[in-house]
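# Fold and contact review
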Amino acid sequence: ISQHYTHLFPSVTLEYKLPNGNALSALYSRRINRPNYNDMNPFVYIFDNYMHEQGNPDLKPAYIHNLDLRYEWYPASGESVSVALFYKHFRHPIEWTFRDGGGSYTYTFENADKARNYGVEVDIRKDLEFIGLRNFMLNLNGSWIKSKVSFDSENSLEHDRPMQGQSPYLVNAGLFYQTEKAGVMAGVLYNRIGKRIVGIGRSDMSVGGSI
């Protein structure tokens, strides 16, 4: 398998510093998601009696346009708060797919036509000394994401749906304790993701579904 790419992937960032030290920024970039060797390998790999994996030699790379608008606030040294709005447009996104072969399943990779993601992300880093917790730092990151894969209504049996693998929300939190005098650092981490489509299911009749 041989694929050749000749493309430009520009990236532009504009930042405006506000008088109070805060910042507004805008970012545009174009990216590529190239399939790896296993994604395109046409041979079947058997990792269970009923589960096979096979690459797709016709798999195309996915192209992504990214747009990010961000406001950053620095209330104190070592502290920050940022709020970002983002939008992503995908051309030929790669999705994990499994096919029902009548008693056995074959996992492979396929391109959807196009997709889009948009949402908001909030990131907070705050020292907790103001509530009496000296040497404690709270990190909090949360995202709300709306995703949609689009299909040609005339030529596809599938209807518009969320992207495979994309959760509608993500939450990451961490509480850290650090003291330079004793040389001690400890932390407690928390992570939560919303329900997402694990794989796109297809039968021999090419009817699309999801789990």
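Residues numbered from 1 in each chain as written. Predicted model: local features only at pLDDT ≥ 70, side-chain atom pairs only at ≥ 80, totals over all residues. Heavy atoms only, no water.

## Let's talk about the environment of proline 75
Relative to the assigned elements, proline 75 resides in the loop between strand E5 (62–73) and strand E6 (80–91). Residues proline 75 and glycine 21 lie 54 residues apart in sequence; the distance between their C-alpha atoms is 9.3 Å. In contact with proline 75, other than residues within four places in its own chain, are Ser80 and Val81. (Helix = DSSP H or I, 4+ residues; strand = E, 2+ residues; numbered from the N terminus. Contact = heavy atoms within 4.5 Å.)

## As for the sheet that holds E5
Strand order in the open sheet formed by eight strands is E1-E2-E5-E6-E9-E10-E11-E12, with antiparallel pairing between adjacent strands. The sheet is open, and its two edges are formed by strand E1 (11–17) and strand E12 (184–193), each paired on a single side. Looking at each pair of strands side by side, their axes are set apart by 10 degrees on average, direction ignored. Looking at chain direction, strand E10 (residues 136–150) and strand E11 (residues 169–179) are connected through nine bridges and run antiparallel. (Pairing = 2+ DSSP bridges. Axes fitted to C-alpha atoms, helices over the stretch in contact; angles between N-to-C directions.)

## Remarks on the pattern of salt bridges
Throughout the structure, instances matching the rule amount to five salt bridges. For aspartate 68, the salt bridge is made with arginine 70, and the minimal N-O distance between the two is 3.4 Å. Accessibility expressed as a relative area gives 16% for aspartate 68, which makes it buried. Here arginine 70 and glutamate 121 are joined by a salt bridge, their closest N and O atoms 3.8 Å apart. Taken together, the residues span a long stretch of sequence, with arginine 70 in strand E5 and glutamate 121 in strand E9 (residues 114–127) at a distance of 51 residues. Residue class for glutamate 121 comes out partly exposed when judged on its relative accessible area of 22%. Each of Asp68, Arg70 and Glu121 takes part in salt bridges that share partners, so that together they form one network. (Salt bridge = Lys/Arg side-chain N within 4 Å of Asp/Glu carboxyl O. Buried < 20%, exposed > 50% of the residue type's maximum accessible area, 1.4 Å probe, protein only.)

## Details of the side chain of asparagine 117
Here asparagine 117 shows up in strand E9. Judged by its relative accessible area of 3%, asparagine 117 is buried. A distance of 3.1 Å separates a polar atom in the side chain of asparagine 117 from a polar atom in the side chain of glutamine 166. Once residues lying within four places of it in the same chain are set aside, the contact partners of asparagine 117 are Phe86, Tyr87, Lys88, Phe90, Ile145, Lys146, Ser147, Lys148, Met163 and Gln166. (Polar contact = N/O pair within 3.5 Å; in protein donor to acceptor, adjacent residues only side chain to side chain.)

## Quick look at unusual backbone geometry
Of note in the backbone geometry, histidine 92 takes a positive phi value of approximately 60 degrees without being a glycine. Mapping histidine 92 onto the fold places it in the loop between E6 and strand E7 (94–100). Phi is positive for asparagine 135, close to 70 degrees, though the residue is something other than glycine. Looking at where asparagine 135 falls in the secondary structure, it is placed in the loop between E9 and E10. Taking relative accessible area as the criterion, asparagine 135 reaches 33% and is therefore assigned partly exposed.

## What to know about the environment of leucine 133
Relative to the helices and strands, leucine 133 resides in the loop between E9 and E10. Expressed as a C-alpha distance, the spacing of leucine 133 and tyrosine 177, which sit 44 residues apart in the sequence, is 9.2 Å. Contact partners of leucine 133, with chain neighbours within four places excluded, come to Asp127 and Leu128.

## Some words on the packing of aromatic side chains
In total, this model carries four aromatic pairs according to the counting rule given. Each ring, one from tryptophan 96 and one from tyrosine 107, has its centre 4.7 Å from the other, and the planes form 15 degrees; the classification is stacked. Here tyrosine 107 lies in strand E8 (residues 105–111) and tryptophan 96 lies in strand E7, a separation of 11 residues in the sequence. Taken together, a centroid distance of 6.0 Å and an interplanar angle of 40 degrees make the contact between phenylalanine 98 and tyrosine 107 tilted. Taking the relative accessible area as the measure of exposure, tyrosine 107 reaches 11% and is therefore buried. Taken together, the aromatic side chains of Trp96, Phe98 and Tyr107 make up a single cluster linked through ring pairs. If you follow lysine 126 out to its NZ or CZ, it ends over the ring of phenylalanine 130, 4.9 Å from the centre. (Phe/Tyr/Trp six-rings, centres within 6.5 Å; stacked < 30°, edge-to-face > 60°. Lys NZ or Arg CZ within 6 Å of the ring centre and 35° of its normal.)

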